[in-house]
Amino acid sequence: MRTCETHQRGEETMYLLKKINLDDAWQKEQGWNEERKSGRKFDDRKELEFWEKLAPHYSEQFNLYRDVPGLKEKIFSLVGENSSVLDLGCGSGNFTIPLTSHCREILALDFSPAMLDQLTLKLWEKDISNVLTVCSKWEDFSEPWDADYVLAVNSLYRVCYMREALKKIALYGRKGFIIVRTLLKPLMYSIYEDLGLNYKRNNDYMLMPLMLWDMGIHANVEYMEYSRDKAYDTWKTAEAEMIRDLGELSYMNFNNQLEEKFLHTAEKKNDGYHYISRRVVQMIWYSN
């Protein structure tokens, strides 16, 4: 009897999921249906300015290839040797450069000329010749290119029509694709969750696999963890970040508890407070 009830609840859940318009859900979740849109997600000029400032230091500060245990081994095993890869949103080459010794050829695509300049400099310094760079948005890219796999690491955050972007990834990846996403939560989310507070987060990682499955692409989903250390020179610096994450009213209602938990969790060093945040990376992959 219990088995029948469980099966019935499962069918009811699937029925409810099928009724959800995933494209509408994406537009609402990512803010594309709002009348007033602001920020670099919606403004190409602001996006390019952001990456121009960050480009020289990006690989030092943000590098999932370096930081996530097991991620590079998983990608290398999926791609295989002597393959061709389209590195979508390659940035300054965190994954592109290591893959050059493993792959036959790589098409490195990015919207930021500044990031591609950094990649080009690294390719020249290391005398690497099996990479072709292209400056373009994924939505605008239409060049014919025979890729075995498409690799996209944290590069789909500005996409308005995600279903079309995913279809294109599946089309270009003759043998499959690998999509890597860091779950976008504030660095101090565990403190907020301990206090039962709501905070700004992005649920894109929930919708992308559902869209693929809805298209009949039976992609696999895995999660990996890593740690990120951030230094705050004073408590006031951490406090300002909490206010941005929670909103001023929510922060004011719990400021004493938040300060107490931060000071208990963070490690005091000569340059300030060091907070270790547990981060989660999602890997969505499909192989024919």
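Residues numbered from 1 in each chain as written. Predicted model: local features only at pLDDT ≥ 70, side-chain atom pairs only at ≥ 80, totals over all residues. Heavy atoms only, no water.

Enquirer: Give a detailed account of helix 3 (residues 44–54), specifying residues and quantitative values.
Expert: Residues of helix 3 that are buried: Glu47, Trp51 and Leu54. Looking down the long axis of helix 3, one finds its buried residues gathered within 65 degrees of arc, a one-sided arrangement. Set apart from the buried face of helix 3 by more than 90 degrees, the exposed residues are Glu52 and Lys53. Buried residues along helix 3 sit against helix 4 (58–61) and helix 8 (113–125). The backbone nitrogen of arginine 45 lies 2.9 Å from a side-chain oxygen of the residue at the head of helix 3, namely aspartate 43. (Buried < 20%, exposed > 50% of the residue type's maximum accessible area, 1.4 Å probe, protein only. Helix = DSSP H or I, 4+ residues; strand = E, 2+ residues; numbered from the N terminus. Arc of directions from axis to C-beta. Contact = heavy atoms within 4.5 Å. Polar contact = N/O pair within 3.5 Å; in protein donor to acceptor, adjacent residues only side chain to side chain.)

Enquirer: Lay out the nonpolar core with the relevant residues and their values.
Expert: Leu86, Met162, Ile169 and Ile179 are the most contacted members of the largest nonpolar core, which has 31 residues in total. At the level of secondary structure, the elements contributing two or more residues to this core comprise helix 2 (22–30), strand 1 (84–88), strand 2 (105–110), strand 4 (147–153), helix 9 (162–172), strand 5 (173–182) and helix 11 (204–214). Looking at this core element by element, the count peaks at five residues for helix 9. Beyond its immediate sequence surroundings of up to four residues, leucine 86 is in contact with Leu107, Trp138, Phe141, Trp145, Ala147, Tyr149, Val150, Leu151 and Tyr172. In terms of nonpolar packing, the next biggest core, distinct from the first, is built from 28 residues, Tyr65, Val79, Leu123 and Met283 among them. (Core = buried A, V, L, I, M, F, W, Y, C linked by side-chain atoms within 4.5 Å.)

Enquirer: How would you explain the side chain of serine 112 if you had to name every residue and give the values?
Expert: With respect to the helices and strands, the residue serine 112 is situated in the loop between strand 2 and helix 8. Since its relative accessible area comes to 2%, serine 112 is described here as buried. At a separation of 3.1 Å, a polar atom in the side chain of serine 112 contacts the main-chain amide nitrogen of methionine 115. Aside from chain neighbours lying at most four places away, what touches serine 112 is Leu48, Trp51 and Cys135.

Enquirer: Give a detailed account of the packing of aromatic side chains, specifying residues and quantitative values.
Expert: One pass over the structure, following the stated rule, counts 15 aromatic pairs. The interplanar angle of 50 degrees and the centroid separation of 6.5 Å between the aromatic rings of tyrosine 65 and phenylalanine 76 together place this pair among those described as tilted. Here tyrosine 65, found in helix 5 (residues 64–67), pairs with phenylalanine 76, found in helix 6 (residues 71–79); they are eleven residues apart in sequence, far enough to count as distant. Given the relative accessible area of 18%, tyrosine 65 is considered buried. An aromatic cluster is present here, built from Tyr232, Trp235, Phe262, Tyr273 and Tyr275 joined pairwise through their rings. Positioned over the ring face of phenylalanine 50 is arginine 40, at 3.7 Å from the centre of the ring. One Lys or Arg, arginine 201, reaches over the ring of tyrosine 199 and ends 4.1 Å from the middle of that ring. (Phe/Tyr/Trp six-rings, centres within 6.5 Å; stacked < 30°, edge-to-face > 60°. Lys NZ or Arg CZ within 6 Å of the ring centre and 35° of its normal.)

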